[in-house]
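Listed below are the residues making up each chain.
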Amino acid sequence: MSEDHQNIHNYGNIRNQKYTQHNYYTGHDPTRNLAAARDALKRHDWDIAVKHYADHIAHARDPAGVVFVEYALADLQGKRPRDHPDGHLGRVRTRLDNAYGDDPALPCAAALLAIIDEDLNHLHRQEPELYTQRLSSAADAISPDRAKMIVDAITVDESPTWLKLERLANPGKTGGTGELALLDEEEQRDRERRMRTLFSPPPREPDPPYRLSHSTAVLGLSVALATLVITLLVLRQVAYAWSPFSPLPYVMILAIAGTICCAGWIVATAIRNAAMERRHDTAVREQKQRHREYLDELPTADQIDRWLRGDLATIQHRALDRLGILRGELVTGTGRYISPFVIMGPEEQKSSRTKMAQHPNGRFFASRYGVFVLFMTERKLGAYRTTLDAITGRREAAEQTSEYRYGDIVSVSVRTVPLPTPGKKARRRAKQAEPEQNKEDEDYTFVDVGSTPTTPLAERFTLIVPSDRFDVTTTIRDENSAKDYRIQLSQTDRALAAIRRNILAAGPAGRRAV
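Being a predicted model, the structure only gives us computed values, none of them experimental.

Q: Explanation requested: the overall build of the protein chain in the structure shown.
A: Of the regular secondary structure elements, the protein chain holds 17 helices and ten strands. For the protein chain, the proportion of contacts with a sequence separation of at least 24, taken over those separated by at least 6, is 66%.

What follows is the structure, given as structure tokens:
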């Protein structure tokens, strides 16, 4: 027998010897067997625990339901449910079903059943059934001690029920899987109201009042007065000028009427201009009040960052579920966790549904973001793409998931392309451009016209694999100014460098893609 086989044989003998010693002291006493089983369960000595639980159940008159749960937990041997053969997992499941069927008020049995179902659903990428959801809800009544017993025995990060038990068992624990920072209904309504305010045009300043000019009336008044003076002088010098047949009296009457009309015109214009000034002053005060209310309704930049970080955490959990990647696969041999890379930027739509708004602090935000999440394991790359509605924090229904070996990546790059302005876009459509040209025929709607770039450029991250392609706009900037519409939460440069490192590590097949 080789040395390795001898060591394994000796190790098995030691374990059997331990059980034999325990069994010598416990005998067929159910109480002693149960105590020995629970002690072995705490030590994670699975084989010893399983044997003592079996002895207890065989000789106990009426074993408690929780004993079957502990027996099933020990029989999982610290592994995920998916890591067991179907026959073995079926026996574990049968014990739990019997325990839960005999006592539906046994939350630890419901919790462990829910964890098993959720782990298998994640493996096969299936949505949870109604029965699994009911089991998870029944697990809410579990005690912290029972929750700690389960989370200490097995780790199933992808199970919502396991995460719930972990929070219950370790309420002060930080830095673990943690709970997604979901908003309550009031906070959600407040977010939507404030974000809609951000993507609504700010109150416009009132146009300056149109002031009527006095020049015409003054000129008319001058002419009328001059005519009246000249007429009076002529009438004093010429005696027959007052004759009904002389035109001078009529000229004088017209001059007087003109003087009165022009003077009235001047007075009316002055009154109107004063009224317009008052209306303008009132409009300015109302606009300033509306602007203050508008600023009060705006979210702060820190609030937006916090909301977006929570949205991205939710999307990352969704990506893990959709890709079927275990968190254990993201841990290197040295125990370091490989965080996923998030690449995001304003979503591109020909319908111009994406709005860009400038915050008072100078930063730009988009109403819709294209989100690209990359999970890099040691052997493969998992890619997930979706669209995030920044107003509601909900992802849109369209999703795209793919997994590739690093050697299969054809190209990964960041390129800068011009974005057509609306005028250029209309002209290009009028010329009926080719489909490939229409692909670049996309622009964004800027809420504040003054912040619209005159020569917009888009920086795009592109990942190309056989029969597939991922594009995400990460930056929009103005070629003729220092304005930059980059999303601070995006990790484009880090993701690009990490992908290239893994491609080079994949060998000659991968180096061609760099």
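So, next bit.
Q: Is there a simple way to explain the pairing of strand 4 (residues 368–376) in this structure?
A: A regular strand places its side chains on the two faces of the sheet in alternate fashion. Within strand 4, nine of the nine residues are buried, leaving the element largely enclosed by the surrounding structure. Burial along strand 4 is two-sided: R368, G370, F372, L374 and M376 facing one way and Y369, V371, V373 and F375 facing the other are all buried. Sheet topology note: the strand 1 (residues 341–346)/strand 4 ladder contains six bridges and is antiparallel. By the bridge assignment for strand 4, V342 is matched with V373. For strand 4 and strand 5 (residues 380–389), the ladder comprises nine bridges, and the chain directions are antiparallel. Residue pairing for strand 5: M376 is matched across the bridge by L381. Hairpin connection from strand 4 to strand 5: three residues lie between these consecutive antiparallel strands.

Q: Help me understand the sheet that holds strand 8 (residues 445–446), please; the structure alone is not making it clear to me.
A: An order of 3-2-8 is seen for the three strands of this open sheet, with the pairing classed as mixed. Each edge of the open sheet is held by one strand with a lone partner, namely strand 3 (364–366) and strand 8. Pairing of strand 2 (residues 355–358) with strand 3 involves three bridges; the strand directions are antiparallel. Of the residues in strand 3, the one forming a bridge with Q358 is F364.

Q: Got a minute to help me understand the pairing of strand 5 in this structure?
A: Judged by how many residues are buried, strand 5 sits mostly within the fold: eight of ten residues are covered. Of the pairings in the sheet, the one linking strand 5 to strand 6 (residues 395–405) comprises eight bridges and is antiparallel in character. Paired with L388 across the strands is R395, a residue of strand 6. The turn linking strand 5 back onto strand 6 is made up of five residues, and G393 within it adopts a positive phi angle of 80°.

Q: So what exactly am I meant to see when it comes to the packing of helix 3 (residues 46–59) against helix 4 (residues 65–75) here?
A: When two helices pack together, their arrangement is given by the angle between the helix axes and the distance between those axes. Interaxial distance between helix 3 and helix 4 falls to 9 Å at its minimum, and their mutual angle equals 150°. One way to sum up the angle between helix 3 and helix 4 is to call them roughly antiparallel. The interaxial crossing formed by helix 3 with helix 4 has left-handed handedness. Between helix 3, through W46, A49, V50, Y53, A54, H56 and I57, and helix 4, the contact on the second element is made entirely by V67, F68, E70, Y71, L73, A74 and D75. Looking at side-chain class alone, the contact of helix 3 with helix 4 contains eleven nonpolar, one polar and two charged residues.

Q: Where do I start with the nonpolar core in this structure?
A: Side chains that are nonpolar tend, in soluble globular proteins, to be buried together. Ranked by size, the top nonpolar core spans 46 residues in total, and within it Y53, L73, L96, L112, I150, I154 and L165 carry the most contacts. Contributing elements (two or more residues each) for this core: helix 2 (30–42), helix 3, helix 4, helix 5 (86–102), helix 6 (107–124), helix 8 (144–153) and helix 9 (160–169). With nine residues, helix 6 is the single largest residue contributor to this core. Ranked by size, the runner-up nonpolar core spans 32 residues in total, among them I315, M356, A357 and A390.

Q: I would appreciate a short explanation of the environment of A109 in the present structure.
A: Along the chain, A109 falls in helix 6. Taking the C-alpha atoms as reference points, A109 and V69, separated by 40 residues in sequence, lie 5.7 Å from one another. Not counting residues within four places of it along the chain, the set of residues in contact with A109 comprises V69, L96 and Y100.

Q: Mind showing me how you'd approach the packing of aromatic side chains here?
A: Any aromatic ring pair is given by two values, namely how distant the centres are and how the planes are angled relative to each other. Enumeration over the complete set of coordinates arrives at two aromatic pairs. Between Y53 and Y71 the ring centres are 6.2 Å apart and the planes differ by 25°, which places this aromatic pair in the stacked class. Of this pair, Y53 sits in helix 3 while Y71 is found in helix 4, placing the two residues 18 residues apart along the sequence. The pair Y53 / Y71 is uniform in exposure class, with both members buried. Taking the centre distance of 5.9 Å and the plane angle of 50° together, the rings of F372 and F461 count as tilted. Placement of F372 in strand 4 and of F461 in strand 9 (residues 456–465) is noted, with a sequence separation of 89 residues between them.

Q: It is not clear to me how the pattern of salt bridges should be interpreted in this structure. Could you clarify?
A: When the charged atoms of two side chains with opposite charge come close together, those side chains can pair. Inspection of every chain in the model, using the stated rule, returns 22 salt bridges. Here D45 ties to R43 by a salt bridge, and the two come within 3.5 Å at their closest N and O atoms. Residue D45 is classed as buried on the basis of its relative accessible area, which comes to 11%. For E399, the salt bridge is made with R318, and the minimal N-O distance between the two is 2.8 Å. Remark: R318 occurs in helix 13 (residues 301–323) and E399 occurs in strand 6; sequence separation between them is 81 residues. According to the relative accessible area criterion, E399 is partly exposed, its value standing at 26%. With relative accessibility at 22%, the residue R318 sits in the partly exposed group. Because the salt bridges share partners, they merge into one network encompassing D190, R193, R194 and E297.

What counts and what doesn't
- Residues numbered from 1 in each chain as written.
- Predicted model: local features only at pLDDT ≥ 70, side-chain atom pairs only at ≥ 80, totals over all residues.
- Heavy atoms only, no water.
- Helix = DSSP H or I, 4+ residues; strand = E, 2+ residues; numbered from the N terminus.
- Contact = heavy atoms within 4.5 Å.
- Buried < 20%, exposed > 50% of the residue type's maximum accessible area, 1.4 Å probe, protein only.
- Pairing = 2+ DSSP bridges.
- Axes fitted to C-alpha atoms, helices over the stretch in contact; angles between N-to-C directions.
- Parallel < 35°, antiparallel > 145°, perpendicular 65-115°, else oblique.
- Left-handed = near helix turned anticlockwise from the far one by under 90°.
- Nonpolar A, V, L, I, M, F, W, Y, C, P; charged D, E, K, R; others polar.
- Core = buried A, V, L, I, M, F, W, Y, C linked by side-chain atoms within 4.5 Å.
- Phe/Tyr/Trp six-rings, centres within 6.5 Å; stacked < 30°, edge-to-face > 60°.
- Salt bridge = Lys/Arg side-chain N within 4 Å of Asp/Glu carboxyl O.

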